[in-house]
Amino acid sequence: MAAPASAAADSRSRTAVRDVVFVDGVRTPFGKAGSKGQYADTRADDMVVKVIRELLRRHPELPPERIDEVAIAATTQTGDQGLTIGRSAALLAGLPKSVPGFAIDRMCAGAMTAVTTVSSGIGFGAYDVAIAGGVEHMGRHPMGEGVDPNPRFVSDRLVDPSSLVMGSTAENLHDRFPHLTKERTDAYAALSQHRYDEAFRAGRIAPDLVPVATRSEQGWGLATADEPPRPGTTAEALSGLKTPFRPHGRVTPGNAAGLNDGATGCLLADGETAEQLGLPVGMRLVGYSFAGVEPEVMGVGPVPATEKALQRAGLSIDDIGLFEINEAFAVQVLAFLDHFGIADDDPRVNPWGGAIACGHPLASSGVRLMTQLSRHFAEHPEVRYGITTMCIGFGMGGTVIWENPHHQAGGDK
């Protein structure tokens, strides 16, 4: 028997997809992993707490009890990055005990996946407001700590052994695309450092950084800036660096992101709730996709993920006016740019530099990309669409498409 018209209408209203908006994002300064890094004696969960508290401080118009979920990613979920860190950090940050939380892992795309996961919940109507982010303390928890890969991966030839070493996968990418030379990757890396330095000097980086109190043998300190950047870096200086993943290889510490510590977080909401609460809107979510590739060339993952996301959104690469691409390795960025016919030095790509300069604390980086894209949108009303994209360990890529709420009709993209 057919449902009454009123019931059918009510069902449609409950299942209609709602607009999802990116309200705001912040991060800690990124540190160098290791005993000499600024976070050597700082807990990972305390970094997440700083991020959550800063989001609430910046938005007093948001009652904490209105937060429906806290999703925090970590690649190595043990020690101070364990204990369902989304929930534990929410409690430590002073959120009401009624606010739930969870942990999530998709390696480098952890924070990106935290965003897409809770965004799906917002779109479906399960949440109105959520916090999503990520943390990685690579000094306390080195990449691969405690991992026990099933021997069948190699014995059954399911993957090439190099798949388990990210630097080796970048060397494999050079093998697959020999036109992506070391000279090009060094030039791109130097450009990333230069763009970051310009943005930092112009005051564009610091506003998104949450100062973090640190402790060391020398006493208390305050982390206020990223440690990894190397201002004045040139391609010539990078050309002589050692290649740790292969003798006479092409991947060096200069044309790849380093080992870093840091945390990120953002506020997401449905459009109506943001309007009701007076929350600002930095971006509107258009769509997202994840895709798998051969694990031994994981750096090419952003290509099929972007093609898939664009196809599902009914857009083309020509509709995209700004790109935030995670720079795990320069060769991975260049593979993406070459595939889509974009110049190595295109000003639309990572205008403020990227992870080669500021660092890549694995699971946290996706929200750094989103926060920066949101800032770019505010400065570029002529741009309508932008993407955040990244490669993901063990052969994946992820891409999220965003729309600029400040877009003015008649603009270029």
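What counts, and where the lines are drawn
Residue indices follow the written sequence of each chain, beginning from 1 at its first position. Only residues with pLDDT of 70 or above have their local features reported here, since the model is predicted, and side-chain atom pairs are shown and tallied only from 80 upward, although totals for entire chains, interfaces and linings are computed over all residues. Only hydrogens and water are set aside when side-chain values are computed; all heavy atoms of the structure are taken into account. Put simply, DSSP H or I for four residues or longer makes a helix, DSSP E for two residues or longer makes a strand, and each gets a number counted from the N terminus. Expected helix span is given by 1.5 Å per residue-to-residue step, counting one fewer step than there are residues. Using a 1.4 Å probe on the protein chains alone, a residue whose accessible area is under 20% of its type maximum counts as buried, one over 50% counts as exposed, and one in between counts as partly exposed. Think of a salt bridge as a Lys or Arg side-chain nitrogen and an Asp or Glu carboxyl oxygen that are within 4 Å of each other. UniProt positions are given in the numbering used here, feature names are shortened, and annotations may be inferred rather than shown by experiment. Here, any two strands with at least 2 DSSP bridges between them count as paired. Contacts are assigned to residue pairs that have any heavy atoms within 4.5 Å of one another.

**Focus on helix H4 (residues 110-124)**
- If you check H4, its first and last C-alpha atoms are 21 Å apart, about what 15 residues at 1.5 Å a residue would give, namely 21 Å.
- A large share of H4 lies buried, amounting to twelve of its 15 residues.
- The complete set of buried residues in H4 reads Gly110, Ala111, Met112, Thr113, Ala114, Val115, Thr116, Val118, Ser119, Gly121, Ile122 and Gly123.

**A closer look at the pattern of salt bridges**
- By the definition in use, this model includes 24 salt bridges.
- Between Glu54 and Arg57 there is a salt bridge, with its nearest N and O atoms 2.8 Å apart. With Glu54 and Arg57 both in helix H2 (residues 44-58), this residue pair falls three residues apart, about one helical turn.
- Judged by relative accessible area, which is 10%, Glu54 ranks as buried.
- Among the residues examined, Arg57 registers a relative accessible area of 57% and is labelled exposed.
- When the shortest N-O distance is used, the salt bridge between Arg204 and Glu379 registers 3.0 Å.

**Observations regarding the UniProt feature "domain: Thiolase N-terminal" (unreviewed entry) in the protein**
- Mapped onto this structure's residue numbering, the UniProt feature "domain: Thiolase N-terminal" (unreviewed entry) falls at residues 20-269.
- As annotated, residues 20-269 comprises 31% helix and 19% strand, and the C-alpha atoms at either end are separated by 6 Å.

**Some points on the pairing of strand S8 (residues 260-270)**
- In terms of burial, S8 is largely enclosed, as eleven of its eleven residues are buried.
- Here S8 shows two buried faces, one formed by Asn260, Gly262, Thr264, Cys266, Leu268 and Asp270 and the other by Asp261, Ala263, Gly265, Leu267 and Ala269.
- Examined bridge by bridge, strand S2 (residues 31-32) and S8 share two bridges and lie antiparallel to one another. By the bridge assignment, Gly31 is partnered in S8 with Asp261.
- Sheet analysis places strand S5 (residues 129-137) next to S8, joined by nine bridges and oriented antiparallel. From the neighbouring strand, Val129 faces S8, where its bridge partner is Ala269.

**Quick look at the environment of Gly353**
- By secondary structure assignment, the location of Gly353 is in the loop between helix H11 (330-339) and helix H12 (355-358).
- Expressed as a C-alpha distance, the spacing of Gly353 and Leu373, which sit 20 residues apart in the sequence, is 12 Å.
- Beyond its immediate chain neighbours, meaning those up to four positions away, Gly353 contacts Ser192, Arg195, Tyr196, Glu327 and Gln372.

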